[in-house]
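Summary of structural features
Spelled out, the chains give:
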Amino acid sequence: MKRKKNIFLGSFLAALMVLSCVPDSSLTAVVSAEETSTSSSSETPVNTNLAADKTVTASAEYSSMPASNLTDDDTSSRWSTEQDAVQWAYVDLGESYDMNYFSIIWESDSVYASAYNIYVSDDTEDWGEPAASRTGNTSGSSEETLDAAVTGRYVKLEVTEMYGYPSVSASDFKVMLKDDSQPVPQDPEENVALGKSAVASSEEASSVTASNAVDGDRTSRDSRWGSAMGDGPHWIYVDLGSVMDVQTVRIYWENRKATDYEIQIAEELSDPMSDEDWETVASFTESPSSTTDSIELDQVYQARYVRLYISDFTSTDPDSGETYNTVSIYEMEIYGGTPAIALSDIGDMITVETPSIDDDSLTVNLPEIEGYTVTYNGTDLEQVVDDDLTIYHPVVDKEVNVSFKIVDDETEEYEFKEIAVTIPGEN
Ligand SMILES: [Ca+2]
Ligand SMILES: [Ca+2]
């Protein structure tokens with residue numbers, strides 16, 4: 001184990017001594033030399049799991065429970081040795097980092113290591129003395145916080161005694177440089193709009209307030225924001241509480257009525273708020289292609305406020321044909337990155353247009369999303385709507401279930417989605 005030296009105090013004293021006897025130019029040289037020599041340890045990101053997705057080498061591992069399960073950020077997968085203690089696993093962080101915190105989630109609350117050591121080293125031969133040692137543990141999860149940070153590339157978890165079951169097993173191992181004075185970094189896949197405050201230009205009724213757009217419910221009609229009756233513009237914005245990364249905005253529209261709308265951002269708002277406060281980062285002059293409207297911005301923006309500004313919309317719903325002069329969304333989500341979309345969410349983007357008696361073919365709208373393939377998969381009544389979407393009008397109205405297959409191109413995972421549609425009869 002290598003203790004981190006108190007470098008900053010050292011360089012400050014050195015600078016003071018130099019300052020008293022030489023011109024300013026020399027001082028600069030001395031300070032930059034010190035900075036260079038300490039650069040490797042100053043780059044450790046704080047409050048970040050340094051072990052995430054890093055390579056793990058273990059003394060033993062069961063084939064279906066490899067040691068890589070320790071660093072996959074998934075507590076449902078675990079490393080198991082199927083061998084008794086003493087066993088170990090070490091993580092290669094890729095480069096040398098400072099660290100002062102370790103956490104381990106063991107197999108369960110009844111199967112855990114009662115004694116273990118954690119070593120930190122820059123090589124895998126000489127581990128030195130443990131950075132942390134524990135005996136008498138009685139918990140399914142363990143945390144170790146050091147008084148002073150240590151530095152190294154390799155971090156070894158050594159289990160010397162198990163409780164509950166003899167073979168060594170754990171589901172998660174995290175390594176961090178914790179600094180409570182610094183904010184926890186934003187998770188790019190977290191919806192940072194969830195539960196934040198939202199403000200709208202108007203609300204149709206007290207049951208469809210702006211806050212319904214950030215309550216986490218994307219599908220319930222009674223958990224939506226609806227504008228007042230009347231032409232636009234209408235808008236709704238979310239206050240994230242502080243300036244955050246913004247790259248993806250997902251709007252879950254009640255219907256596809258908006259025909260001209262923008263995503264706008266602001267770092268701060270005037271009092272009273274003005275249209276001048278807002279910068280437009282995405283704009284659309286057609287209806288969204290699906291009610292789930294995933295808008296990926298051209299870069300990561302910094303913003304505290306994110307606004308959906310709807311300049312214009314049609315009062316008639318292009319899918320159902322119903323006319324109602326408001327615009328409405330179920331939910332607005334904001335992400336710092338570009339998280340994957342759940343297959344079920346893509347299924348929700350498919351729409352089937354209700355045919356009239358004159359239509360001889362069924363119109364389906366399939367979302368086009370990079371990395372996913374959505375295909376029409378037939379119906380449960382091929383004599384009414386066949387494989388080519390041809391309609392054979394029945395004698396009386398018939399409800400047909402139209403099936404779609406949604407595939408994640410990379411993982412080849414798939415899901416089916418069925419949408420019921422009524423085919424008008426001849427009579
Ligand atoms: Ca795991
Ligand atoms: Ca909602």
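These figures come from a predicted structure and were not determined experimentally.

A few points about the overall build of the protein chain
- Each helix and strand counted, the protein chain has three helices and 19 strands in total.
- Relative to its length of 427 residues, the protein chain is extended, with a C-alpha radius of gyration of 29 Å against a globular reference of 22 Å.
- Taking the principal axes of its C-alpha atoms as reference, the protein chain extends roughly 95 × 60 × 35 Å.
- For the protein chain, the residues scored as buried account for 33% of the 427 residues in total.
- In the protein chain, the share of contacts with a sequence separation of at least 24, taken over all contacts with a separation of at least 6, comes to 72%.

Looking at the domain arrangement of the protein chain
- Here the domain parsing of the protein chain yields domain 1 (7-40), domain 2 (55-176), domain 3 (197-335) and domain 4 (343-423).
- Distance between the C-alpha centres of domain 2 and domain 4: 49 Å.

Quick notes on the UniProt feature "domain: F5/8 type C" (unreviewed entry) in the protein chain
- Look at the UniProt record and you will see "domain: F5/8 type C" (unreviewed entry) annotated at residues 39-178 and 181-337.
- As annotated, residues 181-337 comprises 0% helix and 45% strand, and the C-alpha atoms at either end are separated by 24 Å.

Considering the nonpolar core
- Counting residues in each nonpolar core, the largest one holds 39 residues, and the members touching the most others are I236, V238, V306, L308, M332 and I334.
- Secondary structure elements with two or more residues in this core: β8 (197-200), β10 (234-253), β11 (258-266), β13 (292-313) and β14 (328-335).
- By residue number, the principal contributor to this core is β10, which donates 11 residues.
- Discounting residues that sit within four places of it in the chain, V238 has contacts with A193, K196, A198, V214, V306, M332 and I334.
- One finds W88, Y119, V150 and A170 within the second-largest nonpolar core, a separate group that totals 36 residues.

Focus on the sheet that holds strand β19 (residues 414-423)
- The three strands are arranged β17-β18-β19 in an open sheet whose pairing can be described as antiparallel. Only two strands of the sheet have a single neighbouring strand rather than two, namely β17 (372-379) and β19. The mean inter-strand angle of the sheet, taken between neighbouring strand axes irrespective of direction, is 25°.
- Direction of pairing for strand β18 (residues 398-408) relative to β19: antiparallel, over a ladder of 10 bridges. The residue bridging K398 from the neighbouring strand is I423, located in β19.

Topic: the pairing of β10
- Within β10, 14 of the 20 residues are buried, which leaves it mostly tucked inside the rest of the structure.
- By the bridge criterion, four bridges tie β8 to β10 in an arrangement that is antiparallel. Each bridged residue has a counterpart across the sheet, and for S197 the counterpart in β10 is D239.
- With 14 bridges connecting them, β10 and β13 associate as antiparallel partners.

Details of unusual backbone geometry
- Residue P233 follows G232 across a cis peptide bond; omega there is 0°.
- Among the secondary structure elements, P233 is positioned in the loop between β9 (225-226) and β10.
- The peptide bond linking D271 to P272 adopts the cis configuration, its omega dihedral lying at 0°.
- With respect to the helices, strands and loops of the structure, P272 is situated in the loop between β11 and β12 (279-284).

Some thoughts on the confidence of the model for the protein chain
- When pLDDT is averaged across the protein chain, the result is 89; 90% of the residues are at 70 or more.
- Long-range and interchain partners of residues 1-41, a stretch whose pLDDT sits below 50, account for 32 contacts in this model, where long-range means more than four residues apart.

Criteria and thresholds
Residues numbered from 1 in each chain as written. Chains lettered and ligands numbered in written order. Predicted model: local features only at pLDDT ≥ 70, side-chain atom pairs only at ≥ 80, totals over all residues. Helix = DSSP H or I, 4+ residues; strand = E, 2+ residues; numbered from the N terminus. Rg over C-alpha atoms; globule rule 2.2 N^0.38 Å. Buried ≥ 20, exposed ≤ 12 C-beta atoms within 10 Å, placed from the backbone. Contact = placed C-beta atoms within 7 Å. Domains from an automatic or database assignment. UniProt positions renumbered as here; feature names shortened; annotations may be inferred. Core = buried A, V, L, I, M, F, W, Y, C linked by C-beta atoms within 7 Å. Pairing = 2+ DSSP bridges. Axes fitted to C-alpha atoms, helices over the stretch in contact; angles between N-to-C directions. pLDDT = per-residue confidence, 0-100.

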